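Coordinates in review
Spelled out from the first residue to the last, the chains are:
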Amino acid sequence: MEILIVDDEPLARQRLVRMIEKLGEHHIIAEADNAEAALATIDEQDPDIVLLDIRMPGKDGLTLAHEISQLDCPPAIIFCTAFDQYALDAFGTTAVGYLLKPIKAEQLQDALNKAQKLNKAQRAAAQIPAQENKNARTHISAKTRRGIELIALDDIRYFVADHKYVTVFHRNGEHLLDETLKELEEEFSGRFIRIHRNALISIKHIEAIERAAQGQYQVRLADTEQRPIISRRHVSDVKGLLKVM
């Protein structure tokens, strides 16, 4: 699994790095020393797990955890702190672990195993095509300069979220929507699959997955030159789906 470490103390981050490297099962993709940098990294790198300190300058870890939990497809959170008085508040978030410093390797291993089991369950569920929602729309509406336009679901290749907006890419171009990615995913489950925290693609238009120049996986979709990137977190979901198609 891919891990982001968020702690304002460099020595604390270094200690976690050494412990995780010794475990040899996981990959640290980034470190952050404040909440804003952490959110930017989550948006860009889409980690599986965030190891999160609580007391930090500026926005604290509890506030950050609540913001992370509001994201579509948020990473698992394991708190790593020197203070035990925040445990009750911490489990009011989506945290799967609460470790007290100095953290022991066995405790870290157990917490990571727990988070990994949750991810495996999610991936297994994603590999089983969902029943299509019979009440789902056949078209979505988008506000354009010409007014309200209807876009046939069969013409849509993928959706991409960027902060408060979602862009739909379809056969005749692209438009902004007043809907969230989470709402679209729930309504059109079975027709679209998440490939990144910020992206859904049309299952019926998948032609192949390929390696991009930077080593990442990308999706080749029918009738478009666009190649949406698959985050490492979702590669196994897409591969599993292609096996059962």
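Now for a look at the structure at hand. (Residues numbered from 1 in each chain as written. Predicted model: local features only at pLDDT ≥ 70, side-chain atom pairs only at ≥ 80, totals over all residues. Heavy atoms only, no water.)

Next up on the list: the sheet that holds strand β5 (residues 95-100). The strand order across the open sheet built from five strands is β2-β1-β3-β4-β5, with neighbouring strands paired in parallel fashion. The open sheet terminates on both sides in strands that have one partner only, identified here as β2 (27-32) and β5. For this sheet, the mean inter-axis angle between neighbouring strands, taken without regard to orientation, is 20 degrees. Pairing geometry for strand β4 (residues 76-81) and β5, over five bridges, is parallel. For Ile77, the partnering residue across the bridge sits in β5 and is Ala95. In the packing of helix α2 (residues 35-45) onto the sheet, the strands contacted are β1 (2-6), β2 and β3 (49-52), and the crossing angle to β1 comes to about 170 degrees. The strands touched by helix α3 (residues 61-69) are β1, β3 and β4; relative to β4, the strand with the most contacts, the crossing angle is about 175 degrees. (Pairing = 2+ DSSP bridges. Helix = DSSP H or I, 4+ residues; strand = E, 2+ residues; numbered from the N terminus. Axes fitted to C-alpha atoms, helices over the stretch in contact; angles between N-to-C directions. Contact = heavy atoms within 4.5 Å.)

Ordered by their spatial adjacency, five strands build an open sheet running β10-β9-β8-β12-β11, and the pairing between neighbours is antiparallel. A strand with exactly one partner marks an edge of an open sheet, and here the two such strands are β10 (173-177) and β11 (192-196). Strand-to-strand twist across the sheet, computed as the mean angle between neighbouring axes with direction ignored, equals 20 degrees. The sheet contact formed by β11 and strand β12 (residues 199-202) spans four bridges and is antiparallel. Note that in β12 the partner of Phe192 across the bridge is Ser202.

Pairing of side chains with opposite charge becomes possible as their charged atoms draw close. A full pass over the atoms with the stated rule returns 20 salt bridges. Two residues, Arg171 and Asp155, come together in a salt bridge whose shortest N-O distance is 3.6 Å. Note that Arg171 is positioned in the loop between β9 (165-170) and β10 and Asp155 in the loop between β7 (147-152) and β8 (156-162), a separation of 16 residues in sequence. Of the charged contacts, one joins Arg227 and Glu210 as a salt bridge, the two residues approaching to 3.6 Å between their closest N and O atoms. Of this pair, Arg227 sits in the loop between β14 (217-221) and β15 (229-230) while Glu210 sits in strand β13 (residues 206-211), and the two are 17 residues apart along the sequence. On the basis of relative accessible area, Glu210 is assigned to the partly exposed category, the value being 23%. One salt-bridge network, held together by shared partners, links Glu207, Glu210, Arg220 and Arg227. (Salt bridge = Lys/Arg side-chain N within 4 Å of Asp/Glu carboxyl O. Buried < 20%, exposed > 50% of the residue type's maximum accessible area, 1.4 Å probe, protein only.)

Quick look at the layout of surface pockets now. Approximately 380 Å³ is the volume attributed to the second largest pocket. Those elements that provide at least two residues to the lining of the second largest pocket are α2, β8, β9 and α6 (181-187). Split into classes, the residues belonging to the lining of the second largest pocket amount to six nonpolar, four polar and seven charged. (1 Å grid on protein atoms, 1.4 Å probe; cavity = no way out; pocket = protein on both sides within 12 Å on 5 of 7 lines; lining within 4 Å. Points joined across faces, edges and corners; volume = space filled by probe spheres on them. Nonpolar A, V, L, I, M, F, W, Y, C, P; charged D, E, K, R; others polar.)

This part takes up the pairing of strand β6 (residues 139-144). Regular strands have side chains that alternate between both faces of the sheet. Bridging between β6 and β7 involves six bridges; their strand directions are antiparallel. The residue of β7 that forms the bridge with Ile140 is Ile151. Hairpin connection from β6 to β7: two residues lie between these consecutive antiparallel strands.

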